[in-house]
Amino acid sequence: MVHLFFLTLACGTNDGASPVAQAPAVQETPVAYTVASNPKATEGLATADAADGVEDKVARKCAGCALGMDGDAAHAISVDGTTLHLCSSMCKEYYVKDVEGNLAGLVN
Ligand SMILES: [Zn+2]
């Protein structure tokens, strides 16, 4: 490991720049939101979590589709420690515009 790292460093040190310092963007860490100040949204969050049959802080049904279809871990956001799997990038884009309102809407 250390030896390999050293070789990698030695390859690009001539001009002082470090073109390999920035790794390619990987969307593994969901953007985190909080709705803790909104009881109704918090209830919606619990509803979303339970909708897949397991209360494990991972909502596998798409909250953006009123939990009517399966979400995808590739389009996840994090809300107060619960991970929400949205079904598509478009759904996620729409959802994050009003996370609190959308979650509250699940328990109307
Ligand atoms: Zn959706």
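Residues numbered from 1 in each chain as written. Predicted model: local features only at pLDDT ≥ 70, side-chain atom pairs only at ≥ 80, totals over all residues.

1. So, the overall build of the protein chain
A count of helical and extended segments in the protein chain gives 4 helices and 4 strands. Traced from its N-terminal end to its C-terminal end, the protein chain shows the element sequence α-β-α-β-β-β-α-α. The buried share of the protein chain, taken over its 108 residues, is 26%. Considering only residue pairs separated by 6 or more positions, the protein chain has 50% of its internal contacts joining residues 24 or more positions apart. (Helix = DSSP H or I, 4+ residues; strand = E, 2+ residues; numbered from the N terminus. Buried ≥ 20, exposed ≤ 12 C-beta atoms within 10 Å, placed from the backbone. Contact = placed C-beta atoms within 7 Å.)

2. Remarks on unusual backbone geometry
Positive phi, normally seen in glycine, also occurs at K57, with a value near 65 degrees. With respect to the helices, strands and loops of the structure, K57 is situated in the loop between α2 (39-50) and β2 (58-59). For A66, which is not glycine, the phi dihedral falls at a positive 55 degrees. Along the chain, A66 falls in the loop between β2 and β3 (76-79).

3. Some points on the confidence of the model for the protein chain
Looking at the protein chain as a whole, its pLDDT mean stands at 86, while 74% of the residues score no less than 70. This model gives residues 4-10 a pLDDT under 50, and the stretch forms 0 contacts once residues within four places in sequence are excluded. (pLDDT = per-residue confidence, 0-100.)

4. With respect to the sheet that holds β2
One open sheet holds the 4 strands; their spatial order is β1-β3-β4-β2, and the pairing between them is mixed. Each end of this open sheet is capped by a strand with a single partner; those strands are β1 (31-33) and β2. Here 2 bridges tie β2 to strand β4 (residues 82-85), and the two strands are oriented parallel to one another. Within β4, the position partnered with A59 by the bridge is L84. Across the face of the sheet, α2 comes into contact with β2, β3 and β4 while running at roughly 65 degrees to β4. (Pairing = 2+ DSSP bridges. Axes fitted to C-alpha atoms, helices over the stretch in contact; angles between N-to-C directions.)

5. Overview of the nonpolar core
Proteins that are soluble and globular tend to have nonpolar side chains buried together. Judged by nonpolar contacts, the single largest core of 16 residues is most densely connected at A63, V79, L84, L86 and L103. Put simply, the parts of the chain that give this core at least two residues each are α2, β3 and α4 (99-105). Among residues more than four places away in sequence, those in contact with A63 are A48, L84, L86, Y95, N102, L103 and L106. (Core = buried A, V, L, I, M, F, W, Y, C linked by C-beta atoms within 7 Å.)

6. A look at the environment of G44
Structurally, the position occupied by G44 is in helix α2. In this structure G44 comes out as buried when scored by C-beta crowding, with 25 C-beta atoms within 10 Å. The spatial distance from the C-alpha of G44 to the C-alpha of V107 is 5.5 Å, given a sequence separation of 63 residues. When neighbours within four sequence positions are excluded, G44 is seen to be in contact with L103, A104, G105, L106 and V107.

7. Points about the environment of L84
Relative to the assigned elements, L84 resides in strand β4. Judged by the 28 C-beta atoms lying within 10 Å of it, L84 is buried. Between the alpha carbons of L84 and K61 there is a distance of 7.8 Å; along the sequence they are 23 residues apart. What L84 contacts, discounting residues up to four positions off in sequence, is A48, A59, A63, G71, A76, I77 and V79.

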